[in-house]
Amino acid sequence: IPLIYTHHNSVLGKGRYIYSFFNKIVSQYIGISRVCSTILTKAGAKKVETIFNGVNIQNLLVKEKYTFNNISIRAISVGGLIKQKNFVLLINALNFLFLRRLDLRKKFLLQIAGEGPQKKELQVLIESLGLSENIHLLGNRSDIPRLLYDSDIFIMSSDWEGLPISLLEAITTGLPVIVTDVGGCREVVESCGAGLVVNPGDSAKLSEAIEYMIDNPQEAQKMAASARQNSHKFSIEKAAEKHINLYDK
């Protein structure tokens, strides 16, 4: 029976030398982004193919028209409250922004949907910086499509990723995005013309990107329109078709 191995992250969970053993039993490797495929190849994996993650548009609320104003700005971030997602970086980036721009304090809200072991630590940091009015930890939510639809910007501050579903859902919803350059995030954002990419771990650059998006609503609207028009590249139908074609081989 053919064995297929799919790699979902931009870091290797096991030592790279294990792939010389895997090659004896694995018929085909799949990377969910080109970055994941490159990592597999460098680790010695043979027969690697890239099949991007996909999302089901039927499960989402798509913005037919995106309107953005800087009177009231609502940002959304989705993910587990764990080290990988680096919400500490995002909180500090917003603190830097508000120190520069006192005018934004009264009109910017970030909602973070997700649970995890860092929740208490993040809440303490938020309160210590006096940002309780600006950053809300929502916990686990079953209404992510509605939260995305009601937001103006999607932000992701991860230290590593493969190709996050939350990013694909945000783009499919029709949101402009700001993401760190990890995993396949740059591939997706640039191919869809959907937003801004910053270096991981750089709170200053993340802060500047958020400020740029707020100060340039026309650019944000262009990114949102481009995201909506190009998100079909990452549909669940395309992903399924490529997987089925691979299995047929």
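Refer to the structure above for everything that follows.
What comes next concerns the included structure. (Residues numbered from 1 in each chain as written. Predicted model: local features only at pLDDT ≥ 70, side-chain atom pairs only at ≥ 80, totals over all residues. Heavy atoms only, no water.)

## Some words on the environment of V11
Argument step 1. If you trace the backbone, V11 turns up in the loop between strand 1 (4–7) and helix 1 (18–22).
Argument step 2. For V11 and L246, which are 235 residues apart along the polypeptide, the C-alpha to C-alpha distance reads 24 Å.
Argument step 3. Every residue in contact with V11, bar those within four places of it in the chain, is listed here: I39 and W160. (Helix = DSSP H or I, 4+ residues; strand = E, 2+ residues; numbered from the N terminus. Contact = heavy atoms within 4.5 Å.)

## Digging into the sheet that holds strand 1
Backbone-to-backbone hydrogen bonds pair the strands of a sheet. The strands run either parallel or antiparallel.
Argument step 1. Spatially, 3 strands are ordered 1-2-3 in an open sheet, and the strand pairing comes out parallel. Two strands bound the open sheet, and with one partner strand each, they are strand 1 and strand 3 (48–50). Looking at each pair of strands side by side, their axes are set apart by 25° on average, direction ignored.
Argument step 2. Summarising the sheet, strand 2 (residues 28–31) and strand 3 pair through 3 bridges and their orientation is parallel. Bridge assignment links G31 to a residue of strand 3, and that residue is T50.
Argument step 3. The strands that helix 10 (residues 236–248) touches are strand 1, strand 2 and strand 3; relative to strand 2, the one it contacts most, it runs at about 170°. (Pairing = 2+ DSSP bridges. Axes fitted to C-alpha atoms, helices over the stretch in contact; angles between N-to-C directions.)

## Some words on the side chain of E161
Argument step 1. Inspection of the secondary structure puts E161 in the loop between strand 7 (153–156) and helix 6 (165–173).
Argument step 2. A relative accessible area of 5% places E161 in the buried class.
Argument step 3. A polar atom in the side chain of E161 sits 2.6 Å from the side chain of K85.
Argument step 4. Other than its neighbours up to four places away in sequence, E161 contacts N9, S10, Q84, K85, M156, V182 and G183. (Buried < 20%, exposed > 50% of the residue type's maximum accessible area, 1.4 Å probe, protein only. Polar contact = N/O pair within 3.5 Å; in protein donor to acceptor, adjacent residues only side chain to side chain.)

## Considerations on the environment of N134
Argument step 1. Residue position: N134 is located in the loop between helix 4 (119–128) and strand 6 (135–139).
Argument step 2. On the basis of relative accessibility, which here comes to 3%, the residue N134 falls in the buried class.
Argument step 3. Setting aside residues no more than four positions away along its own chain, N134 makes contact with F98, R105, F108, L109 and L110.

## Here's the deal with the environment of A93
Argument step 1. Of note, A93 is situated in helix 3 (residues 87–100).
Argument step 2. For the pair A93 and K205, spaced 112 residues apart in sequence, the C-alpha to C-alpha distance is 8.1 Å.

## A closer look at the nonpolar core
Argument step 1. Counting residues in each nonpolar core, the largest one holds 65 residues, and the members touching the most others are F108, F154, L167, V177, L206 and I210.
Argument step 2. The leading source of residues in this core is helix 3, at 8 residues.
Argument step 3. With near-sequence residues (within four places) excluded, F154 lies in contact with I76, V78, L148, S166, L167, A170, L175, P176, V177 and I178. (Core = buried A, V, L, I, M, F, W, Y, C linked by side-chain atoms within 4.5 Å.)

## Quick word on the side chain of S151
Argument step 1. Secondary-structure assignment places S151 in the loop between helix 5 (144–149) and strand 7.
Argument step 2. You can call S151 buried: its relative accessible area is 0%.
Argument step 3. Discounting chain neighbours no more than four positions away, the residues touching S151 are K63, R74, A75, I76 and L175.

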